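Each chain, written out:
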Amino acid sequence: PIPLNKQLDDVIAGPELPSPPKQPWGQTAKERFLALLQRLRRMPPQFWSALLVFSVLMMARFSEAFVMLRARSVGVPVAAIPTLAISNNLLQAALTYPIGCLADKTDRKSILLGGFVVLALADVVLIATARPQGVFVGFALTGLHMAMTQSNMKAYMSQTIPPDMRGTGFAVMAIASGVALAGGNVLAGLLSDLWGPAGAFYGGLASVVLATLLGVFML
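Basis of the calculations
- Residues numbered from 1 in each chain as written.
- Predicted model: local features only at pLDDT ≥ 70, side-chain atom pairs only at ≥ 80, totals over all residues.
- Heavy atoms only, no water.
- Patch = residues over 30% accessible without salt bridge, like charges linked within 9 Å, V, L, I, M, F, W, Y side chains within 5 Å.
- Areas by Shrake-Rupley, 256 points an atom, 1.4 Å probe, with all protein chains shown as cover.
- Salt bridge = Lys/Arg side-chain N within 4 Å of Asp/Glu carboxyl O.
- Helix = DSSP H or I, 4+ residues; strand = E, 2+ residues; numbered from the N terminus.
- Buried < 20%, exposed > 50% of the residue type's maximum accessible area, 1.4 Å probe, protein only.
- Contact = heavy atoms within 4.5 Å.
- Expected span 1.5 Å × (residues − 1).
- Polar contact = N/O pair within 3.5 Å; in protein donor to acceptor, adjacent residues only side chain to side chain.
- Axes fitted to C-alpha atoms, helices over the stretch in contact; angles between N-to-C directions.
- Parallel < 35°, antiparallel > 145°, perpendicular 65-115°, else oblique.
- Left-handed = near helix turned anticlockwise from the far one by under 90°.
- Nonpolar A, V, L, I, M, F, W, Y, C, P; charged D, E, K, R; others polar.
- Core = buried A, V, L, I, M, F, W, Y, C linked by side-chain atoms within 4.5 Å.
- 1 Å grid on protein atoms, 1.4 Å probe; cavity = no way out; pocket = protein on both sides within 12 Å on 5 of 7 lines; lining within 4 Å.
- Points joined across faces, edges and corners; volume = space filled by probe spheres on them.

## Comments concerning a nonpolar patch on the surface
The grouping of Phe33, Leu34 and Leu37 at the surface amounts to a nonpolar patch, some 290 Å² of accessible area in total. As for its placement among the helices and strands, Leu37 is situated in helix H2 (residues 29-40). Accessibility expressed as a relative area gives 36% for Leu37, which makes it partly exposed.

This is the structure in structure tokens:
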């Protein structure tokens, strides 16, 4: 028989409960880092392949300031420069939704690769043009590229991420995109210093051609 004092202790204290799990904020930095690496190992190869392709593409998406410099170099008046951004944004707003619907019903990879080719054409136009009209055409093609790729890249990535790791997956994608954009802007600046306002677009063209080739085989 259980002693009376033991029974009284159990009544007062209640049944013994399991210890609560260790909370993430109670872990050391090393433990949190190792736990993150363990989670990243669960990402499928398709995720890493798509991340590489899209990161290379992001290097071609340097700041619009380089387009403005190119516009000034071919004689676009300062007062007309805001219309470049306005027309680009209006084109994106008009085309993003229908192109997204088309991608849902057809082949998303083909539309993405088509968007890559459009950006390459935009770079060629911005390199070759010597007239203000060429800058408007090149920047309009950039808007078409954004409409074809921006939302579709995220949709494609979501298909490669396990449902319980969407937050982690998109966070990794945001980090990779930020690093690639920073690298692309540094490269664009260096090439502009070397070869003038058109120099940035040589680097953009090289990046998007490489991204296209990778995309054909890795997406």
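## Some remarks on helix H4 (residues 65-73)
In an α-helix, one turn spans 3.6 residues; hence positions three or four apart end up facing the same way. Three or more residues of H4 are buried, namely Phe66, Val67, Met68, Arg70 and Ala71. Check the buried side of H4 and you find it contacts helix H5 (81-105), helix H6 (108-128), helix H7 (132-160), helix H8 (166-195) and helix H9 (199-218). Directly after H4, the chain includes Gly75, whose backbone phi takes a positive value near 95°.

## Here's the deal with H6
With 21 residues, H6 should cover 30 Å at 1.5 Å per step; its first-to-last C-alpha distance of 31 Å lies within 8% of that length. Capping the start of H6 is the job of one residue whose side-chain oxygen sits 3.3 Å from the backbone nitrogen of Lys109: Asp107.

## Digging into the packing of H6 against H9
In the contact formed by H6 and H9, the axes pass within 9 Å of each other and the chain directions differ by 160°. Relative to H9, the element H6 is oriented roughly antiparallel. Taken as a pair, H6 and H9 cross one another with a handedness that is left-handed. Every residue of H9 that contacts H6 at Lys109, Leu113, Phe116, Leu119, Ala120, Asp123, Val124, Leu126 and Ile127 is listed here: Phe201, Tyr202, Gly204, Leu205, Val208, Ala211, Thr212, Gly215 and Val216. Class assignment of the residues belonging to the contact of H6 with H9 gives a composition of 13 nonpolar, three polar and two charged.

## Let's talk about the nonpolar core
Of all hydrophobic cores here, the largest spans 28 residues; its most connected members are Phe54 and Phe116. Contributions of two or more residues to this core are made by helix H3 (45-58), H6, H7, H8 and H9. The dominant element in this core, judged by the number of residues it contributes, is H3, at eight residues. With residues up to four places along the chain from it excluded, the contact list for Phe116 reads Val53, Phe54, Leu57, His145, Thr149, Val208, Ala211 and Thr212. Membership of the second largest hydrophobic core comes to 16 residues, among which are Phe66, Ile81, Leu126 and Ile127.

## Some points on the layout of surface pockets
Quantified by volume, the largest pocket comes out at close to 240 Å³. Every element with two or more residues in the lining of the largest pocket is listed here: H5, H6 and H7. Its residues assigned to classes, the lining of the largest pocket comprises nine nonpolar, six polar and three charged.

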